[in-house]
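Structural description and commentary
Here's the letter readout for the chains.
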Amino acid sequence: MDYPLSVDENGVNLKPEKMEREKLYHCIFKNKAMLIFKDSQDVLNCYEIEEADLVEQIKKIDNDDDLEKLFEDYLKGNT
């Protein structure tokens, strides 16, 4: 399956029809991490992270499961 987010010079491109519900997706645009989540009612939620240290950690993430683990650890204060 193609990843539902892509980035070009104009911004973040979304393909919501390719997104699974209740799954967090991410991409990097202009040194910001963009997090997109499609909820159980098909509403898209978008979050932007500018904190440089956290963005650098997100850049190293290979898959969205690792991304969720990173945020669990971050919220617990382990990163």
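Conventions used here
Residues numbered from 1 in each chain as written. Predicted model: local features only at pLDDT ≥ 70, side-chain atom pairs only at ≥ 80, totals over all residues. Heavy atoms only, no water. Helix = DSSP H or I, 4+ residues; strand = E, 2+ residues; numbered from the N terminus. Contact = heavy atoms within 4.5 Å. Buried < 20%, exposed > 50% of the residue type's maximum accessible area, 1.4 Å probe, protein only. Salt bridge = Lys/Arg side-chain N within 4 Å of Asp/Glu carboxyl O.

1. Side note on the side chain of His26
Mapped onto the secondary structure, His26 falls in strand β3 (residues 24-29). Those residues within four positions of His26 in sequence are excluded, and the remaining contacts are Tyr3, Leu5, Met34, Leu35, Ile58, Ile61, Asp64 and Leu67.

2. Points about the environment of Tyr47
Its location among the elements puts Tyr47 in strand β5 (residues 44-49). Note on Tyr47: relative accessible area 46%, which makes it partly exposed. For the pair Tyr47 and Met34, spaced 13 residues apart in the sequence, the C-alpha separation amounts to 5.8 Å. If sequence neighbours within four positions are ignored, Tyr47 has contacts with Ala33, Met34 and Leu35.

3. Some points on the pattern of salt bridges
When the charged atoms of two side chains lie near each other, side chains of opposite charge can form a pair. Inspection of the entire model under this criterion finds seven salt bridges. A salt bridge links Lys32 to Glu48, with the shortest nitrogen-to-oxygen separation between them at 3.3 Å. Taken as a pair, Lys32 in strand β4 (residues 32-38) and Glu48 in strand β5 lie far apart in primary sequence, 16 residues in all. By relative accessible area, which is 43% here, Glu48 ends up partly exposed. Notably, a salt bridge pairs Glu50 with Lys32, separated by 3.7 Å at the nearest N-O pair. Placement of Glu50 in the loop between β5 and α1 (52-59) and of Lys32 in strand β4 is noted, with a sequence separation of 18 residues between them. By relative accessible area, which is 52% here, Glu50 ends up exposed. Looking at Lys32, the relative accessible area reads 29%, which means it is partly exposed. Among the ionic contacts, a cluster of salt bridges with common partners joins Arg21, Lys38 and Asp42.

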